[in-house]
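# Secondary and tertiary structure notes
Each chain, letter by letter, is given below.
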Amino acid sequence: MHLLAVFIDIYYRSLPHDAPWERDPLPLLVDDSGCCVGKLSHLFPTDPPEELEVLPGRWRDGVPREIQLKVRSPAVGGDYHLPRLRLDVKTHLYRPAYAQSAKFPDHDTPPCP
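Overview of the structure. Remember, predicted model here, so these are calculated numbers, not experimental data. (Residues numbered from 1 in each chain as written. Predicted model: local features only at pLDDT ≥ 70, side-chain atom pairs only at ≥ 80, totals over all residues. Heavy atoms only, no water.)

## Observations regarding the sheet that holds strand β7 (residues 80-88)
Spatial ordering of the open sheet is given by β4-β5-β6-β7-β8, a layout of five strands whose pairing is antiparallel. Looking at strand neighbours, the two that pair on one side only are β4 (46-47) and β8 (93-96), the edges of this open sheet. Relative to β7, strand β6 (residues 63-72) runs antiparallel, the two sharing five bridges. Paired with E66 across the strands is R86, a residue of β7. (Pairing = 2+ DSSP bridges. Helix = DSSP H or I, 4+ residues; strand = E, 2+ residues; numbered from the N terminus.)

Structure, rendered in structure tokens:
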């Protein structure tokens, strides 16, 4: 699995100071063949002034079965965690942990553009 992200701070440095803000593309998780298998809900590595820490774990056969996402924030509320991404072994897609329960059925929604 690989993480594909646009470093937006570098992009914005190349624009005029009065350039309009754009909707930034979210980072994608792609497999070795280049197919999208998931999407992060926060920019990586930074979404100023915050930074995202991506912690893959529960490895099996060289593939992480779970990804923890921790946001490091200098704000008053401090650091916080985003929902964990878990590998759905049937679809081979990473989905937020809450989406795998019956309460939040989104198995038909593709996680990638």
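Next comes the rest of the write-up.
## Overview of unusual backbone geometry
The omega torsion across F44 and P45 is 0 degrees, close enough to zero to call that bond cis. Relative to the assigned elements, P45 resides in the loop between β3 (36-39) and β4. One non-glycine residue, R58, lies in positive phi territory at about 50 degrees. As for its position among the elements, R58 is in strand β5 (residues 50-60). Using a relative accessible area of 60% as the deciding quantity, one classes R58 as exposed. (Buried < 20%, exposed > 50% of the residue type's maximum accessible area, 1.4 Å probe, protein only.)

## Some details on the pattern of salt bridges
Close approach of charged atoms allows side chains of opposite charge to pair. The tally for this structure, following the rule as stated, stands at five salt bridges. The residue E53 makes a salt bridge to R72 at a minimum N-O spacing of 2.5 Å. With E53 in strand β5 and R72 in strand β6, the pair connects residues that are 19 residues apart, well separated along the chain. Among the salt bridges present, the one from R86 reaches E66, with a minimum N-O distance of 2.8 Å. One end of the pair, R86, is in strand β7; the other, E66, is in strand β6, and 20 residues separate them in sequence. Owing to a relative accessible area of 31%, R86 belongs among the partly exposed residues under this scheme. Of the residues examined, E66 reaches a relative accessible area of 5% and is grouped as buried. Taken together, the shared-partner salt bridges connect R58, E66, R84 and R86 into one network. (Salt bridge = Lys/Arg side-chain N within 4 Å of Asp/Glu carboxyl O.)

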